[in-house]
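Each chain is listed here by its residues.
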Amino acid sequence: MTVSTREEHTIDQIASRNPEVLLGGRWKPTTCVARQKVAIIIPYRDRWPHLLMLLKYLHPFLQRQQLDYRIVVVEQAWNHVFNKGRIMNIAFDEVLKMEKYDCFIYHDVDLIPESDLNLYTCGSQPRHLSPAIDQMRYVLMYKRLVGGVLALSRTHNVQVNGYSNLYWGWGAEDDDMSSRIFDAGMLIKRPPNHIGRYKMMSHKKREAAHNRMDLLVKWRRWRNDGLNTLKGLNYSILFTKEERLYTNITVDIGLPHLSNTLKGHENIAAIRWNWV
């Protein structure tokens, strides 16, 4: 698949090229029954040109793979410090209220897949789909990397308790996820580099998470920091709307407070959850 990130497109132009996509960014094959229902989760804020470019390529890509899918853009409201892990956990919770999806692809908005052979499905182990990115010279930077595009089944999400809710700012929430995967007794599978190739669109880095190294050192708190502590967090869903090419979930997660720091979560009792 040839990818060019230089062309500009409008949402109407992209929609006109994907007439079979249903409201909310949903599509499924008509000539067969897909083996999995797949939700593409895109954490987002203030990256409209990147989102348009991704939608342009992603819809045809997913349709060529004959997937039953929905593209979900989870958007953090206001201009506060970004918390990627928390809004992805919220998206997982909210999407399962729509339909019982089998597979969740957590997808950075600035990455475009280059090969149709890179299957957007879930397997028996978590799958890191983006080992080879052009700006990284198409080389896997380190073995435990899971950032970029990660496929987790519904069961995997529960086994690792989702992402950490504590990383405010850029960096380390994906390395935290890697530790969760291994500590839960699973492995990270990847396509070969000539298949797991991606183009990265240029962008300005977010503010770095000031406490990321302290949190990473104490990653073993993961059983008490994630999906099972969402109900204790102060967030609200501002709206959920099925747009022409995607479902938008806009959430207000507030500001980081003392109660949301590592110290405040070290001894939180686990809450039973029922996502499986």
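Everything here concerns the structure above.
Just so you know, these numbers come straight off a predicted model, no measurement behind them.

Criteria and cut-off values
- Residues numbered from 1 in each chain as written.
- Predicted model: local features only at pLDDT ≥ 70, side-chain atom pairs only at ≥ 80, totals over all residues.
- Heavy atoms only, no water.
- Core = buried A, V, L, I, M, F, W, Y, C linked by side-chain atoms within 4.5 Å.
- Buried < 20%, exposed > 50% of the residue type's maximum accessible area, 1.4 Å probe, protein only.
- Helix = DSSP H or I, 4+ residues; strand = E, 2+ residues; numbered from the N terminus.
- Contact = heavy atoms within 4.5 Å.
- Phe/Tyr/Trp six-rings, centres within 6.5 Å; stacked < 30°, edge-to-face > 60°.
- Lys NZ or Arg CZ within 6 Å of the ring centre and 35° of its normal.
- Pairing = 2+ DSSP bridges.

A. Local environment of the nonpolar core. Grouped together as the largest cluster of nonpolar side chains are 38 residues, with contacts concentrated most on Ile40, Leu62, Ile71, Ile105 and Tyr120. If you tally residues by element for this core, the top one is helix H2 (residues 48-64), at nine residues. Not counting residues up to four positions away in its chain, the partners in contact with Ile71 are Gly24, Gly25, Ile40, Ile42, Leu55, Leu58, His59, Leu62, Leu245, Tyr246 and Thr247. Grouped together as the second largest cluster of nonpolar side chains are 31 residues, Val160, Met186, Leu233 and Val251 included.

B. Quick peek at the packing of aromatic side chains. By the definition in use, this model includes four aromatic pairs. The aromatic ring of Tyr101 is capped on one face by Lys37, whose charged end is 5.4 Å from the ring centroid. The ring of Tyr138 is capped by Arg197, whose NZ or CZ atom sits 3.6 Å from the centre of that ring.

C. View of the environment of Cys32. For Cys32, the location among the structural elements is in the loop between strand E1 (26-27) and strand E2 (37-44). Residue Cys32 is classed as partly exposed on the basis of its relative accessible area of 37%. Residues Cys32 and Leu67 lie 35 residues apart in sequence; the distance between their C-alpha atoms is 9.7 Å.

D. View of unusual backbone geometry. In the Ramachandran plot, Gln66 falls in the positive-phi region, its phi being about 60° despite a non-glycine side chain. Mapped onto the elements of the fold, Gln66 is located in the loop between H2 and strand E3 (68-76). One non-glycine residue, Tyr138, lies in the positive phi region at around 60°. Position of Tyr138 relative to the elements: it lies in the loop between strand E7 (132-133) and strand E8 (149-153).

E. How the structure looks around the pairing of strand E11 (residues 247-252). Across the six residues of E11, six count as buried, placing the element largely inside the fold. Residues Thr247, Ile249 and Val251 of E11 are buried on one face, and the alternating residues Asn248, Thr250 and Asp252, pointing to the opposite face, are buried as well. In the sheet, E3 pairs with E11 via five bridges, with the strands oriented parallel. Its bridge partner being in E11, Glu75 is matched across the sheet by Thr250. Bridge count between strand E10 (residues 236-242) and E11: six bridges; the pairing is antiparallel.

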